[in-house]
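Single-letter residue listing:
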Amino acid sequence: MIHPDSKQFLGLNRSQSIQRFVVTAEQMSHIEGRVFAAGMPVAALMEKVAGLITAWVRSRFSVSQFPRVGVLVGPGHNGGDALVVARELHVSGYEVKLYQPFSQLKDLTASHAQYIASLGISVQDQIEALASCDLVIDGLFGFGLTRSLEGAIAAAVDQVNQWSQPVVSIDLPSGLHTDTGAVLGTAIQATHTLCLGLWKRAFLQEQALAYMGESHLIDFGLPLADITAVLGETPKLQRITPAMAIESLPLSRPATTHKYKQGHLLLVCGSRQYMGAAVLAGLSARASGVGMLSIAVPESMRLLLIAQLPDALVMGCSEDDTGAMAQLPEDLEMEKYNAIACGCGVTPAASPVVQQVLARDRPVVLDADGLNILANLATLPTLKARTAPTILTPHWGEFKRLFPELAEASDDRITAAQQAAQQSGAVVLLKGARTTIASPNGTAWLNPESTPALARGGTGDVLTGLMGGLLAQGVLRGTAIEQVVFSAAWWHAQAGIMAATERSELGVDASTLIHYLIPALQPYC
Ligand SMILES: NC(=O)C1=CN([C@@H]2O[C@H](COP(=O)(O)OP(=O)(O)OC[C@H]3O[C@@H](n4cnc5c(N)ncnc54)[C@H](O)[C@@H]3O)[C@@H](O)[C@H]2O)[C@H](O)CC1
Ligand SMILES: [K+]
């Protein structure tokens, strides 16, 4: 075991390892508090941090192209960071102007303000004076923001948001709640945000994304021992890294194996109304590498599926007059399947089939109308009666139907997903621009990257098929259910990102997405 603070670990893995942590404002304060208590002078840390910020700014915004820099200075250490950055940019030849609306500053910030004034740098108390700058640095507030922005400060932020020049926020866009990402009154709409030390929870909150712009982590060397002392050896909240996802995928196989050892998935999907959902889920299940794929669809769809998926075992089920599956074959031997993925395109009329699936002791991924049927059956009692693992993959609308009280009570989707998982005993994947995967044991994983290109019909069916196939394999390989789920979510998003990069965000329909699943893994194979 390599000690996390050893040179070897720091040299080889720190840049990846540090990316997996996610902290609240309180946790960040405790971690930094340990560093100061151990003797690190606050001023020294501020100099180090601001030096890293300055280097980043200079690398992206050269003095020749962005000679005039406006710096927004707040009353605390976020403002202190900004003042040190302003000083260093001034020394490097930039023309710097400060907007410093506060008279009461923290001591260290006040010292920097005093020194910077002695250098003759322009200090303004009206934001208009910075309007002609080429670049804005936002150092009003960081993780110390405790209340909504009001009055002149709020007005200044709103004015900056009307400007067109790039805005680089230090630690967080000023005005965002560090933990929930909520806008407190108003908030800077940054083009770039430099998160300091460890990712704050806000960066994984959907409601904050419009304010973050392009976000980067500035690692300033917080000792891993201090991080784990506060967060625990296995933090309750983790940000999915490529390494975590890849190690959870069944990319390697034993030399001697056979198809049934590579998992057998039963996909229960489709209706006359939504035939395509069954095809999409089937094709993405096949892309997962699962050894055997069985697909249960209404009898009238059987030939369609066979034509699309000759390598799957397709069974036709009795259907009602709406073209929904009426029931699964009586003689279906459920124990043959290592996992079941149910719900894509089934319509609410397929309640008897969903109940048949939930009544069996097989790991189940439940999606789409399968979730709506579960909500109508009463979520908690139905799930509590199950003996095998359940994975729910709702988007926010489906989540509100499944867990109305939780959705109502919380403006923090990460917390809502965690509570839903703990209440229901299911693994809950709450879809969104930032997806949360929550375990019944309280742990949650956050997918930090996705693309708006995935906001299209059918991409959910692709995720369900992929996840079902990985679940059937993971069950045989002893992979934790949560690892299967977060690696599926990561893989699905990476395929979307690759497709959007090559085809623009307009060019990623669900069928195309499936074709990018394997290419998305190539950089890691
Ligand atoms: N801890 C350190 O030495 C380091 C911190 N880093 C940077 O400092 C900030 C956190 O600094 P802090 O002083 O705790 O808080 P802020 O600067 O974020 O907040 C400023 C200050 O503002 C007051 N305040 C809160 N809400 C409002 C409001 N709505 N209106 C007016 N004033 C408000 C509150 O009293 C705060 O004290 C962190 O983000 C980093 O940027 C260094 O990078 C590392 C060392
Ligand atoms: K800021």
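Every chain's residues receive numbers from 1 upward, in the order its sequence appears when written. Both sets of labels track the order of writing: A upward for chains, 1 upward for ligands. pLDDT decides what is reported in this predicted model: residues at 70 or higher carry local features, side-chain atom pairs at 80 or more are listed and counted, and totals for whole chains, interfaces and linings draw on all residues regardless. Only heavy atoms go into the side-chain values, all of them from the structure, while hydrogens and water stay out.

Focus: the nonpolar core
Reasoning step 1: Val268 and Phe399 are the most contacted members of the largest nonpolar core, which has 102 residues in total.
Reasoning step 2: Ranked by residue count, the leading element in this core is helix α3 (residues 42-60), at seven residues.
Reasoning step 3: Two domains each provide a minimum of three residues to this core, namely domain 1 (6-235) and domain 2 (243-524).
Reasoning step 4: Not counting chain neighbours up to four residues away, the residues in contact with valine 268 comprise Ala296, Met325, Leu328, Ile340, Ala341, Cys342, Gly343, Cys344, Val346, Val353 and Val357.
Reasoning step 5: We define a nonpolar core as any set of buried Ala, Val, Leu, Ile, Met, Phe, Trp, Tyr and Cys residues linked to one another through side-chain atoms lying within 4.5 Å. Each residue's exposure class comes from its accessible area (1.4 Å probe, protein chains only) as a fraction of the maximum for that residue type: buried when under 20%, exposed when over 50%, partly exposed otherwise. With 62 residues, the next largest nonpolar core counts Leu293, Leu309, Val427 and Ile437 among its residues. Starting at the N terminus, helices and strands are each numbered in turn, a helix being any DSSP run of H or I of at least four residues and a strand any DSSP run of E of at least two. How far each domain reaches was decided by an automatic or database domain assignment. Residues count as neighbours in contact if any of their non-hydrogen atoms are within 4.5 Å of one another.

Digging into a negative patch on the surface
Reasoning step 1: What makes a patch is a set of residues exposed beyond 30% relative accessible area and free of salt bridges, joined within 9 Å when like-charged and within 5 Å when nonpolar (Val, Leu, Ile, Met, Phe, Trp, Tyr). Under the convention used here, a 1.4 Å probe and the Shrake-Rupley method define accessible areas, while residue burial counts only the protein chains that appear. One speaks of a salt bridge when a side-chain nitrogen belonging to Lys or Arg is within 4 Å of a carboxyl oxygen belonging to Asp or Glu. Charge counting treats Lys and Arg as positive and Asp and Glu as negative, with His and both chain ends excluded. Here the site of a charge means NZ on Lys, CZ on Arg, CG on Asp, or CD on Glu. A cluster of acidic side chains, namely Glu330, Asp331, Glu333 and Glu335, defines a negative patch on the protein surface.
Reasoning step 2: Here glutamate 335 is to be found in the loop between β14 (325-327) and β15 (339-342).
Reasoning step 3: In this structure glutamate 335 comes out as exposed when scored by relative accessible area, which is 53%.

Examining the coordination of the potassium ion (ligand 2)
Reasoning step 1: Nitrogen, oxygen and sulfur within 2.8 Å of a metal are treated as its donors, or within 3.2 Å for sodium, potassium and calcium (Na, K, Ca); water is not counted, so a site can appear incomplete. Listed as protein donors to the potassium ion (ligand 2) are Asn78 (OD1), Asp138 (O), Phe141 (O), Ile170 (O), Leu172 (O) and Ser174 (OG); their distances from the metal cover 2.6 to 3.1 Å.
Reasoning step 2: For a four-donor site, all angles between 85 and 135 degrees give tetrahedral; for four or six donors, opposite pairs above 155 degrees with the remaining angles between 65 and 115 give square planar or octahedral; all remaining cases count as irregular. The coordination sphere of the potassium ion (ligand 2) comprises six donor atoms, whose angles at the metal cover 68 to 170°; the geometry is irregular.
Reasoning step 3: Summarised as a motif, the one-chain spacing of the donors to the potassium ion (ligand 2) is N-x59-D-x2-F-x28-I-x1-L-x1-S. Here asparagine 78 is found in helix α4 (residues 77-91), whereas its partner aspartate 138 is found in strand β5 (residues 135-139), with 60 residues between them in sequence. The residues asparagine 78 and aspartate 138 share a single accessibility class, namely buried.

As for the sheet that holds strand β18 (residues 427-430)
Reasoning step 1: Criterion used throughout: strands pair if DSSP finds at least two bridges between them. Read across the sheet, 11 strands follow the order β10-β20-β19-β18-β17-β16-β15-β11-β12-β13-β14 without closing on themselves; strand pairing throughout is mixed. The two strands at the open ends of the sheet, each matched to only one other strand, are β10 (237-239) and β14. Taking the axes of each pair of neighbouring strands and ignoring which way they run, one obtains an average angle of 25° across the sheet.
Reasoning step 2: For every element, the axis is a line fit to its C-alpha atoms; helices are fit only across the contacting stretch, and the angle between N-to-C directions ranges from 0 to 180 degrees. Against the sheet, helix α17 (residues 413-424) contacts β10, β18, β19 (436-438) and β20 (444-446), and its axis sits at roughly 155° relative to β18.

Structural notes on the pairing of strand β7 (residues 192-196)
Reasoning step 1: A large share of β7 lies buried, amounting to five of its five residues.
Reasoning step 2: Judged by which residues are buried, β7 turns out to be covered on both faces: His192, Leu194 and Leu196 on one side and Thr193 and Cys195 on the other are all buried.
Reasoning step 3: With three bridges joining them, strand β6 (residues 167-170) and β7 adopt parallel strand pairing. Bridging across to β7, serine 169 finds its partner in threonine 193.
Reasoning step 4: Inspection of the sheet shows β7 paired to strand β9 (residues 214-218) by five bridges, in the parallel sense. What sits directly across from threonine 193, in β9, is serine 215.

Description of the site of ligand 1
Reasoning step 1: The criterion for a residue being near a molecule or strand is simple. One of its heavy atoms has to lie within 4 Å of it. Of all residues adjacent to ligand 1, which total 23 residues, the nearest are Glu32, Asn78, Asp81, Gly142 and Asp171.
Reasoning step 2: Polar contacts, as used here, are pairs of N or O atoms within 3.5 Å; protein pairs need one atom able to donate a hydrogen and one able to accept it. Residues neighboring in sequence count only if both atoms are side-chain atoms. Here lysine 106 contributes a side-chain N or O atom positioned 2.8 Å from an oxygen atom of ligand 1.
Reasoning step 3: One of the backbone N or O atoms of phenylalanine 143 is found 3.0 Å from an oxygen atom in ligand 1.
Reasoning step 4: The fraction of the free accessible surface of ligand 1 (830 Å²) that becomes covered by protein chains is 87%.

Describing the UniProt feature "binding site: K(+)" (unreviewed entry) in the protein chain
Reasoning step 1: UniProt positions are given in the numbering used here, feature names are shortened, and annotations may be inferred rather than shown by experiment. Residues annotated by UniProt as "binding site: K(+)" (unreviewed entry) correspond here to Asn78, Asp138 and Ser174. The greatest C-alpha distance among the annotated residues, which extend across 97 residues, is 9.4 Å, indicating that they converge on a single site. In the annotated group above, the second largest pocket draws its lining from Asn78.
Reasoning step 2: The class of asparagine 78 is buried, set by a relative accessible area of 8%.
Reasoning step 3: Excluding residues within four positions of it along the chain, asparagine 78 makes contact with Asp138, Gly139, Leu140, Phe141, Gly142, Ile170, Asp171 and Ser174.
Reasoning step 4: Within the structure, asparagine 78 has its side chain in polar contact with the backbone nitrogen of leucine 140 (distance 3.5 Å).
Reasoning step 5: Here serine 174 is to be found in the loop between β6 and β7.
Reasoning step 6: Residue serine 174 is classed as buried on the basis of its relative accessible area of 0%.
Reasoning step 7: Residues in contact with serine 174, not counting those within four places in the same chain, are Asn78, Asp138, Leu140, Phe141, Leu149, Ser169, Thr186, Ala187 and Ile188.
Reasoning step 8: At 3.5 Å, the side chain of serine 174 and the backbone nitrogen of leucine 140 are in polar contact. Any residue with an atom within 4 Å of a point lines the site, the site being either a cavity, points on a 1 Å grid over the protein atoms alone where a 1.4 Å probe fits but cannot get out, or a pocket, an open set with protein on both sides within 12 Å along at least 5 of 7 lines.

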